[in-house]
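Listed below, chain by chain, are the residues.
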Amino acid sequence: MANYQQMNGIALAYMGDAVYEIYIRQHLLAKGMVKPTHLHHTATRYVSAKAHAALYRLMEADAILTDEEKQYFLRGRNAKSHTGAKNTDIVSYRISTGVEALFGYLYLSEQTKRIEQLAAWCIEQVESGRTKANAI
């Protein structure tokens, strides 16, 4: 495994984006969705920068992250990215990068159970409508 402790936030986010996306895709397929267009549109409720920003606000409100997880979130959020936000504001984009970095850290530190817990928690928040209520 790569040394996640030395990785910058963008590298962690690169990994975390893929990890989180797999959990979401697996969840949607398990719900019986099979049409690519429907899958893509539904997935954006879980994986967009706006969804990540709303989820992070809920993570803070519910105090579900450890201090170490918060540090890896901040490493991603504060990282200097050479790409810009495409379909959202810069604040949501940076928070989204932090959430992705968090998942990247958890994956690279082999915390599979914690990834499963957080992914399930995120799915629950989206499906209960809490992310809509906490959108920017």
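Just so you know, these numbers come straight off a predicted model, no measurement behind them.

## Re the overall build of the chain
Here's step 1: Helices and strands together make up the secondary structure of the chain, namely seven helices and zero strands.
Here's step 2: Its helices and strands taken in sequence order, the chain reads α-α-α-α-α-α-α from the N to the C terminus.
Here's step 3: Its C-alpha atoms give the chain a radius of gyration of 14 Å, within 12% of the compact-globule value 14 Å for 136 residues.
Here's step 4: Taken over the C-alpha atoms alone, the chain extends approximately 40 × 30 × 30 Å along its principal axes.

## Considering the layout of surface pockets
Here's step 1: Looking at the second largest pocket, its volume works out to about 240 Å³.
Here's step 2: In terms of lining residues, the second largest pocket is bounded by Glu21, Arg25, Leu28, Leu29, Pro36, Leu39, His40, Ala43, Thr44, Val47 and Ser48.
Here's step 3: Mapped by element, the contributors of at least two residues to the lining of the second largest pocket are helix H1 (9-30) and helix H2 (36-47).
Here's step 4: For the lining of the second largest pocket, the class distribution of residues is six nonpolar, three polar and two charged.

## Some remarks on unusual backbone geometry
Here's step 1: Its identity is not glycine, yet Ala63 carries a phi of approximately 50°, on the positive side.
Here's step 2: Position of Ala63 relative to the elements: it lies in the loop between helix H3 (49-62) and helix H4 (67-77).
Here's step 3: Given a relative accessible area of 63%, Ala63 falls into the exposed group.
Here's step 4: Look at Glu110: it is not a glycine, yet its phi comes out positive at around 60°.
Here's step 5: Topologically, Glu110 is positioned in the loop between helix H5 (90-108) and helix H6 (112-128).

## Things to note about H1
In an α-helix, one turn spans 3.6 residues; hence positions three or four apart end up facing the same way.
Here's step 1: For H1, with 22 residues, the first-to-last C-alpha span of 31 Å sits near the 32 Å given by 1.5 Å per residue.
Here's step 2: At its buried positions, H1 is contacted by H2, H3, H4, H5 and H6.
Here's step 3: The backbone nitrogen of Ile10 lies 3.0 Å from a side-chain oxygen of the residue at the head of H1, namely Asn8.
Here's step 4: Phi for Gly32, located one or two positions after H1, is positive at around 95°.

## Here's the deal with the packing of aromatic side chains
Here's step 1: Enumeration according to the criterion identifies five aromatic pairs in this entry.
Here's step 2: Seen from their ring centres, Tyr20 and Phe103 are 4.9 Å apart, and the 50° between their planes marks the pair as tilted. Separated by 83 residues along the polypeptide, Tyr20 in helix H1 and Phe103 in helix H5 bring together distant segments of the chain.
Here's step 3: The structure contains a cluster of three or more aromatic residues connected by ring pairs, namely Tyr4, Tyr72 and Tyr105.

Rules of the game
- Residues numbered from 1 in each chain as written.
- Predicted model: local features only at pLDDT ≥ 70, side-chain atom pairs only at ≥ 80, totals over all residues.
- Heavy atoms only, no water.
- Helix = DSSP H or I, 4+ residues; strand = E, 2+ residues; numbered from the N terminus.
- Rg over C-alpha atoms; globule rule 2.2 N^0.38 Å.
- 1 Å grid on protein atoms, 1.4 Å probe; cavity = no way out; pocket = protein on both sides within 12 Å on 5 of 7 lines; lining within 4 Å.
- Points joined across faces, edges and corners; volume = space filled by probe spheres on them.
- Nonpolar A, V, L, I, M, F, W, Y, C, P; charged D, E, K, R; others polar.
- Buried < 20%, exposed > 50% of the residue type's maximum accessible area, 1.4 Å probe, protein only.
- Expected span 1.5 Å × (residues − 1).
- Contact = heavy atoms within 4.5 Å.
- Polar contact = N/O pair within 3.5 Å; in protein donor to acceptor, adjacent residues only side chain to side chain.
- Phe/Tyr/Trp six-rings, centres within 6.5 Å; stacked < 30°, edge-to-face > 60°.

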